[in-house]
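Structural overview for review
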Amino acid sequence: MNKLEFQKHVNDAFKNISPTFFETIEAYKTFLNESNQTLNLTRLNTEDKIYGEYFFESIIPYKSVDFSKINFVLDIGSGSGIPGIILKILYPHINLTIIEANTKKCVFLKQLSEQLSINVQILNQRAENIENTQREMFDLVTSRAVTILPILLEISLPYVKVGGMLIEPKSKMGKQEINGVEKNIINLGGRLEKILEFSSINNRFHMVIFVAKVKKTDHSFPRKWTSLLKAFKQ
């Protein structure tokens, strides 16, 4: 996907996007390419791959989401900024928080947000080490390629406020991971709303899981990482 194709498909898929979106994306791409030479942030380092597999594929799972009703967004394990940073560029009104365990990537994200002149709260911590002040704080929590779904649900749903939504994009592997997790979702205070499956213009399969937060998550969740790995045999 080249630059013009990227612009066309974003305009086709999303409504009411920021008028400065494409200009800011170009600045993002330039800074990513420069930083990638030393930090090895992504293997998607050609023009077509950056526009197609990196930028476009990271936001297309959210094409049906009405962001006009969403204020506080948490991206867990954002790495080099996807999908959180791109969603913030797409919809500047959202208050974005990123949790990233890798210190070097946190430094990059801070530099990136300064370079793009966007306000992002970046927390260098593991998601399962949740603070009481962070519980039930976000309208939308999401992540991309962090861990298997059962673990992801447990480290994510405690951050979602009652009435909010957890959105988890998955690949074809999600079909295996979704089996038997509905009980976990209920135990964590959630309700499985819907699962969307579609292929993008790049013929990439997307499985997007939507979980509504219907009651507060018990403070016994999330468990420590070693306990999670043992529980789900990761």
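Each helix and strand in the chain was counted, giving nine helices and seven strands. On the principal axes, the C-alpha backbone points of the chain span a range of 45 × 35 × 35 Å. When burial is assessed residue by residue, the chain has 53% of its 234 residues classed as buried. Carbon and sulfur atoms make up 48% of the accessible area of the chain, which totals about 11,400 Å². Each charge class in the chain was averaged separately, 30 positive and 24 negative side chains, and the resulting centres sit 5 Å apart.

The next thing to look at is helix α3 (residues 47–59). Its 13 residues give α3 an end-to-end C-alpha distance of 17 Å, which sits within 8% of 18 Å, the value for a rise of 1.5 Å per residue. Along its buried surface, α3 packs onto α1 (3–13), α2 (21–39), α4 (84–90) and β7 (205–213).

Sizing a probe to match a water molecule and rolling it over the atoms shows the empty space that remains. Under the counting rule described, the total for this entry stands at one cavity of 30 Å³ or more. Reported here for the largest cavity is a volume of approximately 30 Å³. Considering the residues around the largest cavity, the lining is formed by Ser143, Arg144, Ala145, Val146, Thr147, Leu152, Glu168, Pro169 and Lys170. A total of three residues in the lining of the largest cavity trace back to one element, the largest contributor, which is strand β5 (residues 160–170).

On inspection of all chains with the given rule, the structure shows nine salt bridges. A salt bridge links arginine 126 to glutamate 128, with the shortest nitrogen-to-oxygen separation between them at 2.5 Å. With a relative accessible area of 35%, arginine 126 lands in the partly exposed category. The salt bridge involving arginine 191 is made with glutamate 193; its shortest N-O contact spans 2.7 Å.

So, on to the side chain of glutamate 168. Along the chain, glutamate 168 falls in strand β5. A polar atom in the side chain of glutamate 168 sits 2.8 Å from the side chain of serine 143. The contacts of glutamate 168, once residues within four sequence positions are left out, are Thr142, Ser143, Leu149, Leu152, Ser156, Met207, Val208 and Ile209.

Once that is clear, we can look at unusual backbone geometry. In this model, isoleucine 82 is joined to proline 83 through a cis peptide bond whose omega is 0°. Here proline 83 shows up in the loop between β1 (72–76) and α4. Put simply, phenylalanine 221 and proline 222 share a cis peptide bond, and its omega is 0°. Of note in the backbone geometry, asparagine 16 takes a positive phi value of approximately 55° without being a glycine.

Rules used throughout
- Residues numbered from 1 in each chain as written.
- Predicted model: local features only at pLDDT ≥ 70, side-chain atom pairs only at ≥ 80, totals over all residues.
- Heavy atoms only, no water.
- Helix = DSSP H or I, 4+ residues; strand = E, 2+ residues; numbered from the N terminus.
- Buried < 20%, exposed > 50% of the residue type's maximum accessible area, 1.4 Å probe, protein only.
- Areas by Shrake-Rupley, 256 points an atom, 1.4 Å probe, with all protein chains shown as cover.
- Lys, Arg positive; Asp, Glu negative; His and termini not counted.
- Charge placed at Lys NZ, Arg CZ, Asp CG, Glu CD.
- Expected span 1.5 Å × (residues − 1).
- Contact = heavy atoms within 4.5 Å.
- 1 Å grid on protein atoms, 1.4 Å probe; cavity = no way out; pocket = protein on both sides within 12 Å on 5 of 7 lines; lining within 4 Å.
- Points joined across faces, edges and corners; volume = space filled by probe spheres on them.
- Salt bridge = Lys/Arg side-chain N within 4 Å of Asp/Glu carboxyl O.
- Polar contact = N/O pair within 3.5 Å; in protein donor to acceptor, adjacent residues only side chain to side chain.

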